[in-house]
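Next come the chains, spelled out residue by residue.
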Amino acid sequence: MSDFDAIVIGAGNGGLTAAATLAKGGAKTLLLERHNVPGGCATSFCRGRFEFEVALHQLSGMGDEKFPGPLRSVLHGLDVLDRVEFIPMKNLYRLVIPGRLDIMLPADRNGTVEALQKRFPAESAKIREFYDLVYAFFNQLISVFYLRDPEASREKYPLYFKYALASSQEILDEYFTDPLLKLTVAAYWGYMGVPPRFLTFSDLAALIFAYIEFKPYHIRNGSQALSNALIETFMNNGGEVRFNCGAAKIGLRDGAVAEVVTDRGERLTTGCVVSNISTPVMYNELIGIESTPKEKYEEMRGSTIGPSSFTLYIGMDCTPAELGIGETTNFIAAHEDMDRAFTQMRDIDEPAMILVSCYNVSDPGASPDGTCQIAVVDLQYAEPWLAVPPSLYASEKYRYASKVLDLVERVFPGFRKHIEEIEVATPLTHIRYLGHPGGAFYGFDQYAKDSRLVNPPVQSIAGLFHAGSWAAEGGFQPSLTSGSSAGRAALKHIGKRGR
Amino acid sequence: MSSKDFMKQIEGFDRAREEMRICRKYGIDYTVEKGRAAHLMEMLHPRVLHLRVGAVIRETATASTLRMVPVDGYLPPFQAGQYINLFIEKNGVRTSRPYSISSAPHQTGYYDITVRRVENGFVSDILLDTVKPGDEFESTSPSGNFYYNPLYHEKSMVCLAGGSGVTPFMSMIREVTDRGLDRTIHLIYGSRGEDDIIFHEELKDRAARYGNFVYAPVISEPSKSCSELSGFINADLMRKVLRDTGSKTFYLCGPSGMYDFCMPELEKIGIPARRVRREMFGPPRDITAEPGWPKEVSGAAEFSVSVRGGKAVKARAGESLLSALERAGVVVPALCRCGECSMCRVKLLSGRVFEPRGVLLRKSDRACGYIHSCAAYPLSDLEIML
């Protein structure tokens with residue numbers, strides 16, 4: 001008799017949905033979290049009058065009650081919909097290149113097409129055709145990939161077979177001429193971490209289709225509210241959670257999961273582990289290089305650690321309107337060259353493209369009356385930060401933050417004068433709190449070669465399941481969804497059917 | 001057709017496969033990542049610092065500086081104004097207290113912490129009466145966000161200190177003057193008597209030598225021969241010392257009573273909230289005197305706290321839940337001990353607690369019944385989850 005049917009390591013998005021799924025399915029489950037608060041990225045922190053959202057900008061895949069998206073179904077199954085309020089946004093984003101481009105796209109297919117046609121009249125017909133292609137392609141993808149049509153063939157789904165692994169840039173180039181238009185259409189590339197040249201059309205189409213059809217959402221009281229609600233579901237179904245308690249080791253017997261040793265040295269027997277930590281840390285530290293099947297390292301060799309970010313959490317002593325902020329989601333680009341912007345993610349000289357989220361626009365309660373809460377994100381790889389000596393770390397943070405604020409000021413003049421609180425996070429901060437190599441909250445880079453179409457996941461250790469961004473793609477929806485899938489697979493493994 | 005087979009018919013499949021094969025052949029050996037993140041964090045934010053007392057420096061009759069040197073030779077960098085939470089063990093009870101670092105950040109050989117005796121202070125008595133060079137302690141790495149932030153603070157800083165609240169400012173003053181930084185500091189430092197002023201000689205000396213540092217001690221109970229300013233740090237006094245109050249950021253550090261007094265005074269001279277930075281302050285000496293305390297509960301009332309999956313613990317209403325747990329040997333992580341950092345967060349499953357002002361609780365934490373145990377006082381029997 002094992003101590004637990006299953007042990008979930010890490011209470012990030014994927015660990016939380018996995019744990020809740022397991023507990024609801026009747027499995028005696030333990031959730032270990034080395035921090036004192038659940039959520040991983042899905043958390044918040046308080047400074048002065050403000051509670052800052054750490055990671056969520058636009059939750060995808062929700063949809064509304066009449067037209068629910070895939071994520072809504074997952075969360076419904078975990079009983080959190082009546083305890084957490086999801087707030088839809090009307091618009092996708094405003095995109096600005098100071099002095100050259102300023103456009104807003106509504107979360108509506110026709111509205112987006114019209115907004116683009118108005119700004120880029122010369123390419124009017126092609127704009128319509130492009131969105132037709134995105135929709136037709138994505139509908140085929142749904143049939144083949146999600147609904148697993150047994151009669152899938154090139155003849156039946158020609159667009160899917162032609163474009164699923166195609167470079168998004170090639171399609172943008174095929175349809176459009178103006179580089180500003182290409183940037184406007186593909187501005188969401190930052191949510192995946194690789195620019196259109198490397199982004200499969202499946203991924204770009206998914207971003208466009210999902211955000212338009214299911215709308216972007218925010219969560220009342222931030223993503224911490226969802227994390228706390230998932231913990232409640234887990235505990236209400238008999239789950240046991242230990243905060244401030246990490247896993248030190250996953251012990252195997254005859255190649256199968258046999259036990260977990262906590263960082264307090266406690267040995268707990270179980271036949272099933274769901275890991276919600278990074279893949280390299282799981283194999284290197286928890287399972288151990290000697291016990292890890294060689295092919296797992298072979299598999300990892302081909303992938304590279306994804307980006308992290310430089311993020312400013314800012315509390316303002318004025319309303320969004322006083323700053324001229326009319327949208328929740330604002331992309332500000334210094335230029336339109338997305339490949340160069342990707343290169344700039346590896347230096348700390350000049351920000352190329354930043355995301356300015358002002359939560360109060362869609363949720364006035366995001367901070368006290370007369371104030372607003374803003375997060376500014378600049379995707380960055382960890383490398384340049386690893387080269388900063390500890391003694392210069394603080395001054396480098398301020399130096400680069402100042403450059404980021406300069407770019408914000410070009411669109412929202414007078415911004416600095418209203419700062420009441422500010423906290424700076426770098427890729428090193430993400431390494432510290434997530435424990436991921438490179439602070440890579442999206443997991444491995446997602447090039448075409450890394451696509452799950454090309455590398456279907458292989459399980460090689462019996463009883464070991466993965467949840468979170470390292471197992472799926474990065475972002476809230478994929479992490480939350482991957483956890484519930486891992487939880488279901490784990491239930492099957494331990495012979496529980498789930499409820 | 002199996003799913004694997006039709007995947008192969010996707011255009012570009014073979015190319016992507018081949019790319020992956022080559023990348024795996026020449027790719028990254030992730031075994032070298034082992035321990036890397038942990039090692040990196042040890043340089044910036046170690047989980048535990050092992051410190052040894054290098055020297056004990058008597059500052060006043062009631063205050064001493066403990067010069068803490070690293071046992072393993074390395075101290076992480078910090079920003080002037082940050083604190084460490086020092087762990088103390090006595091008679092089997094492990095507790096902790098946050099102390100601002102009073103030495104400058106460019107002094108990398110040691111951290112100075114300056115301790116003043118607190119009436120009936122369990123910890124200050126130990127540190128002032130029994131600690132000697134060679135004694136070893138554990139602490140957290142430097143924490144907190146009470147420091148000069150060049151992104152939005154003015155280069156002209158006004159530091160309002162009360163009693164031992166001068167310690168974070170000492171670090172700032174030493175840094176700005178020693179390093180010749182392009183900032184000015186006005187220190188208005190309130191003490192009860194002239195003998196209570198900590199660092200008085202050094203402050204006078206620095207003010208005489210550096211044009212960008214102005215020192216104004218203020219004595220509330222002056223002796224007859226006292227030549228310093230007397231009274232409290234009010235609007236008139238600030239106007240007099242500062243002359244011009246514009247384009248300045250104000251920093252406050254002292255006992256909670258000083259905040260209650262100074263905040264309205266700052267408002268009187270027209271300082272907007274965004275230009276006032278406050279260091280956290282510890283629990284009030286008498287929690288039952290706090291506004292909102294239920295009169296029917298005496299501070300001496302004793303309750304039982306049962307920890308889910310653990311033992312039952314006795315706790316007095318007048319003492320924080322964290323202290324009661326520590327006294328009973330229950331380990332709860334702690335950092336700021338002022339209700340802000342959330343390190344000591346626990347879930348209240350049943351019962352009632354009193355939470356003083358200044359506790360920063362996440363909204364969803366409050367909704368789900370989480371409390372910060374350093375700033376929660378039992379008002380009934382409790383059941384909690386760690």
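Residues numbered from 1 in each chain as written. Chains lettered and ligands numbered in written order. Predicted model: local features only at pLDDT ≥ 70, side-chain atom pairs only at ≥ 80, totals over all residues. Heavy atoms only, no water.

So, on to the overall build of chain B. Counting secondary structure elements, chain B contains ten helices and 19 strands. By its C-alpha atoms, chain B is 100 × 55 × 50 Å across when sized along the principal axes. When each of the 386 residues of chain B is scored for burial, the buried share is 52%. The long-range fraction of contacts in chain B, counting pairs at least 24 apart against all pairs at least 6 apart in sequence, stands at 67%. Carbon and sulfur atoms make up 49% of the accessible area of chain B, which amounts to about 17,600 Å² in all. When the 52 basic and 47 acidic side-chain charges of chain B are each reduced to a single mean position, those positions are 3 Å apart. (Helix = DSSP H or I, 4+ residues; strand = E, 2+ residues; numbered from the N terminus. Buried < 20%, exposed > 50% of the residue type's maximum accessible area, 1.4 Å probe, protein only. Contact = heavy atoms within 4.5 Å. Areas by Shrake-Rupley, 256 points an atom, 1.4 Å probe, with all protein chains shown as cover. Lys, Arg positive; Asp, Glu negative; His and termini not counted. Charge placed at Lys NZ, Arg CZ, Asp CG, Glu CD.)

A few words on the overall build of chain A. Along chain A, the regular secondary structure elements total 17 helices and 19 strands. A compact globule built from 499 residues should have a C-alpha radius of gyration of about 23 Å, and chain A, at 22 Å, falls within 12% of that. Per-residue burial over chain A gives 65% buried out of 499 residues. Here the contacts in chain A between residues at least 6 apart in sequence split such that 73% fall between residues at least 24 apart. As presented, chain A carries roughly 17,700 Å² of accessible surface, and 51% of it is formed by carbon and sulfur atoms. Charge separation in chain A, taken as the distance between the mean sites of 48 positive and 58 negative side-chain charges, equals 3 Å. (Rg over C-alpha atoms; globule rule 2.2 N^0.38 Å.)

For any pair of aromatic rings, geometry is given as the distance between the ring centres together with the angle between the planes. All names here are of chain A. For the structure shown, the criterion picks out 40 aromatic pairs over all chains. Judged by centre distance (5.7 Å) and plane angle (15°), the rings of F310 and W385 are stacked. One end of the pair, F310, is in strand β14 (residues 308-316); the other, W385, is in helix α14 (residues 383-386), with 75 residues separating them in the sequence. Of the two residues, F310 and W385, both sit in the buried class. Look at F441 and Y442: their rings are 4.9 Å apart centre to centre, the planes differ by 75°, and that puts the pair in the edge-to-face class. Using a relative accessible area of 16% as the deciding quantity, one classes F441 as buried. Look at Y442 and you get buried, because its relative accessible area is 13%. Through a chain of ring-to-ring contacts, three or more aromatic side chains come together here, namely F130, Y131, F137, Y160, F161, Y163, Y175, F176 and F201. Against the face of Y381 rests R346, its NZ or CZ located 3.8 Å from the ring centre. (Phe/Tyr/Trp six-rings, centres within 6.5 Å; stacked < 30°, edge-to-face > 60°. Lys NZ or Arg CZ within 6 Å of the ring centre and 35° of its normal.)

Residues and elements named next belong to chain B. On the basis of which strands lie adjacent, the open sheet formed by six strands has the order β4-β3-β6-β1-β2-β5 and antiparallel pairing. Only two strands of the sheet have a single neighbouring strand rather than two, namely β4 (93-100) and β5 (111-116). Strand-to-strand twist in this sheet, taken as the mean axis angle between neighbours without regard to direction, amounts to 40°. Here strand β2 (residues 63-70) runs beside β5; their pairing, made up of six bridges, is antiparallel. Among the inter-strand pairings, T65 is bridged to a residue of β5, identified as T114. Most of the contacts of helix α4 (residues 122-129) go to strand β3 (residues 83-90), to which it runs at about 85°, and overall it touches β2, β3, β4, β5 and β6 (136-139). (Pairing = 2+ DSSP bridges. Axes fitted to C-alpha atoms, helices over the stretch in contact; angles between N-to-C directions.)

Attention now moves to the pairing of strand β13 (residues 302-307) of chain B. Residues and elements named next belong to chain B. Judged by which residues are buried, β13 turns out to be one-sided: F303, V305 and V307 face inward and are buried, whereas E302, S304 and S306, on the alternate face, are not. Sheet analysis places β13 next to strand β14 (residues 312-316), joined by five bridges and oriented antiparallel. The residue of β14 that forms the bridge with S304 is K314. The turn linking β13 back onto β14 is made up of four residues, and G309 within it adopts a positive phi angle of 75°. Pairing between β13 and strand β19 (residues 382-385): three bridges, direction parallel. When the bridges of β19 are listed, V307 appears paired with I384.

Okay, the interface of chain B and chain A next. Contact with chain B, which involves 60 residues of that partner, is made by 76 residues of chain A. Both faces combined, the contact of chain B with chain A buries some 6,000 Å², and carbon together with sulfur accounts for 58% of it. Here chain B is connected to chain A by three salt bridges. Its salt-bridge partner being R277 of chain B, residue E421 of chain A comes within 2.9 Å of it at the nearest N-O pair. Looking at the side of chain B that touches chain A, the elements with two or more residues in it are α1 (3-7), α2 (13-26), α3 (36-44), β15 (345-350) and α10 (363-367) of chain B. With nine residues, α2 of chain B is the single largest residue contributor to the side of chain B that touches chain A. (Buried area = accessible area lost by both parts, 1.4 Å probe. Salt bridge = Lys/Arg side-chain N within 4 Å of Asp/Glu carboxyl O.)

Let's shift gears to the side chain of T177 of chain B. Residue and element names in this part refer to chain B. Residue position: T177 is located in helix α5 (residues 167-178). Here T177 falls in the buried class, since its relative accessible area comes to 5%. There is a polar contact of 2.6 Å between the side chain of T177 and the backbone oxygen of I173. (Polar contact = N/O pair within 3.5 Å; in protein donor to acceptor, adjacent residues only side chain to side chain.)

The next subject is unusual backbone geometry. Residue D79 of chain A is not a glycine yet carries a positive backbone phi of 60°. Counting through the fold element by element, D79 of chain A comes out in the loop between α2 (70-77) and β5 (86-88). Unlike most non-glycine residues, S342 of chain B shows phi in positive territory, near 75°. Overall, S342 of chain B belongs to the buried group, its relative accessible area being 6%.

As a further point, take the nonpolar core. Within the largest apolar cluster, 77 residues are counted, with the highest numbers of intra-cluster contacts made by F130 and Y160 of chain A. Residue contributions to this core peak at ten residues, all from helix α4 (residues 124-146) of chain A. Ignoring any residue separated from it by four or fewer positions in sequence, one finds Y160 of chain A in contact with F137, Q140, L141, V144, F145 and L453 of chain A together with I10 of chain B. A63, M170, V176 and I271 of chain B belong to the second largest nonpolar core, which has 46 residues in total. (Core = buried A, V, L, I, M, F, W, Y, C linked by side-chain atoms within 4.5 Å.)

Per the stated rule, a full pass over the model turns up 52 salt bridges over all chains. R49 of chain A serves as the salt-bridge partner of E420 of chain A, at 2.7 Å between the closest nitrogen and oxygen. Of this pair, E420 of chain A sits in strand β18 (residues 419-425) while R49 of chain A is found in the loop between β3 (44-47) and β4 (50-53), placing the two residues 371 residues apart along the sequence. In this structure, the salt-bridge partner of E265 of chain B is K268 of chain B, at a minimum N-O distance of 2.8 Å. Residue E265 of chain B and its partner K268 of chain B are located together in helix α8 (residues 256-268), separated by three residues, close to a single helical turn.

This paragraph deals with the packing of helix α3 (residues 109-119) of chain A against α4 of chain A. Residue and element names in this part refer to chain A. The geometry of α3 relative to α4 is characterised by a closest axis approach of 9 Å and an angle of 150° between their N-to-C directions. By the criterion of interaxial angle, the relationship of α3 to α4 is roughly antiparallel. In terms of crossing hand, the pair formed by α3 and α4 is right-handed. Contacts from R109, N110, T112, V113, L116 and Q117 in α3 reach S124, I127, R128, Y131, D132 and Y135 in α4. Looking at the contact of α3 with α4 residue by residue, the classes come out as five nonpolar, four polar and three charged. (Parallel < 35°, antiparallel > 145°, perpendicular 65-115°, else oblique. Left-handed = near helix turned anticlockwise from the far one by under 90°. Nonpolar A, V, L, I, M, F, W, Y, C, P; charged D, E, K, R; others polar.)

The next point concerns the environment of T184 of chain B. Residue and element names in this part refer to chain B. With respect to the helices and strands, T184 occurs in strand β8 (residues 184-191). Spatially, the C-alpha atom of T184 lies 6.5 Å from that of K155, the residues being 29 residues apart in sequence. Setting aside anything within four residues of it in sequence, one finds T184 in contact with K155, S156, M157 and N212.

Further remarks concern the domain arrangement of chain A. For an interface, size is often stated in terms of accessible area lost upon the parts coming together. All names here are of chain A. Split by domain assignment, chain A resolves into domain 1 (6-47 + 58-84 + 222-303 + 446-493), domain 2 (106-214) and domain 3 (307-434). At the junction of the two partners, domain 1 supplies 17 residues and domain 2 supplies 14 residues. Summed over both partners, the interface of domain 1 with domain 2 comes to about 1,300 Å²; 66% of that surface belongs to carbon and sulfur atoms. Applying the counting rule to domain 1 against domain 2 returns zero salt bridges. Connecting domain 1 to domain 2 are four residue pairs in polar contact (both at pLDDT 80 or more). Class assignment for the residues of the side of domain 1 that touches domain 2 results in nine nonpolar, seven polar and one charged. (Domains from an automatic or database assignment.)

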